[in-house]
Amino acid sequence: MELDFCNEGPVTFDKYETIYQQLLTKTISHLHLGGDYYVSVTIIDNETIHGINKQYRNVDRPTDVISFALLDNEQNKPIPGMIIDLGEILISYEKAQEQAKQYGHSEEREFSFLFVHGLLHLLGYDHMKEEDEKVMFALQDEILGE
């Protein structure tokens, strides 16, 4: 498992690189997926994620996490023996900090939740329908150990 971590905020969030690497490994193991996976994750500010959200999702506001999956359909099957590039996760540190306070838990827990949420999106999970939401949210809780 390989994780490319980039911190673009004015504050250092480098401790999350190790946490995210562990969560990547734990998620792949929990889902019983074979193969070697690569994920890129970038910590950014609200202004940047707002622009990306508007450009790519046509939603004119900042959000907490956005995922760009590279394996979006059956035609994009990985090649056996090659590292599988799942895509990119963008996390707003400002939203993560705000939500941690709002939900009354630690920033580490919120940053971890957002990473796992984004990673599950890269792996094809979604929460647009109620039944899909139940599956995805249950997986998040299992992976995060709640």
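Up top is the structure.
*Asks:* Please explain helix 3 (residues 93–103) as it appears in this structure.
*Replies:* Since the α-helix turns once every 3.6 residues, residues separated by three or four places project in the same direction. Within the sequence span of helix 3, burial applies to Y93, K95, A96, Q99 and A100. Taken end-on, helix 3 shows its buried residues confined to a sector of 155 degrees, consistent with a single buried face. Relative to its buried face, helix 3 has exposed residues pointing more than 90 degrees away, namely K101 and Q102. Looking at the packing, one finds that the buried side of helix 3 touches strand 2 (37–44), helix 2 (46–57), strand 4 (84–92) and helix 4 (107–122). Where helix 3 ends, the next residue or the one after it, G104, has phi of about 70 degrees, a positive value.

*Asks:* Is there a simple way to explain the layout of surface pockets in this structure?
*Replies:* One water molecule sets the probe size; rolling that probe over the atoms shows where empty space is left. Taken as a whole, the largest pocket holds about 530 Å³ of empty space. If you trace the largest pocket, you find 21 residues lining it, with R57, T63, D64, V65 and H127 closest to the centre. With five residues, the top contributor of residues to the lining of the largest pocket is helix 4.

*Asks:* Which parts of the structure should I look at to understand the sheet that holds strand 4?
*Replies:* The strands making up a sheet are joined through hydrogen bonds of the backbone, oriented either antiparallel or parallel. Taking strand neighbours across the sheet as the criterion, the four strands line up as 1-2-4-3 in an open arrangement whose pairing is mixed. The strands lining the two open edges of the sheet, one partner per strand, are strand 1 (2–7) and strand 3 (65–69). Pairwise comparison of adjacent strand axes, ignoring direction, gives a mean angle of 15 degrees for this sheet. Bridge count for strand 3 against strand 4 is five bridges, and the pairing is antiparallel. Looking at strand 4, one finds that V65 is bridged to I91. The strands that helix 1 (residues 15–30) touches are strand 1, strand 2 and strand 4; relative to strand 1, the one it contacts most, it runs at about 145 degrees. Those strands touched by helix 3 are strand 2 and strand 4, and its axis lies near 65 degrees from that of strand 4.

Analysis parameters
- Residues numbered from 1 in each chain as written.
- Predicted model: local features only at pLDDT ≥ 70, side-chain atom pairs only at ≥ 80, totals over all residues.
- Heavy atoms only, no water.
- Buried < 20%, exposed > 50% of the residue type's maximum accessible area, 1.4 Å probe, protein only.
- Helix = DSSP H or I, 4+ residues; strand = E, 2+ residues; numbered from the N terminus.
- Arc of directions from axis to C-beta.
- Contact = heavy atoms within 4.5 Å.
- 1 Å grid on protein atoms, 1.4 Å probe; cavity = no way out; pocket = protein on both sides within 12 Å on 5 of 7 lines; lining within 4 Å.
- Points joined across faces, edges and corners; volume = space filled by probe spheres on them.
- Pairing = 2+ DSSP bridges.
- Axes fitted to C-alpha atoms, helices over the stretch in contact; angles between N-to-C directions.

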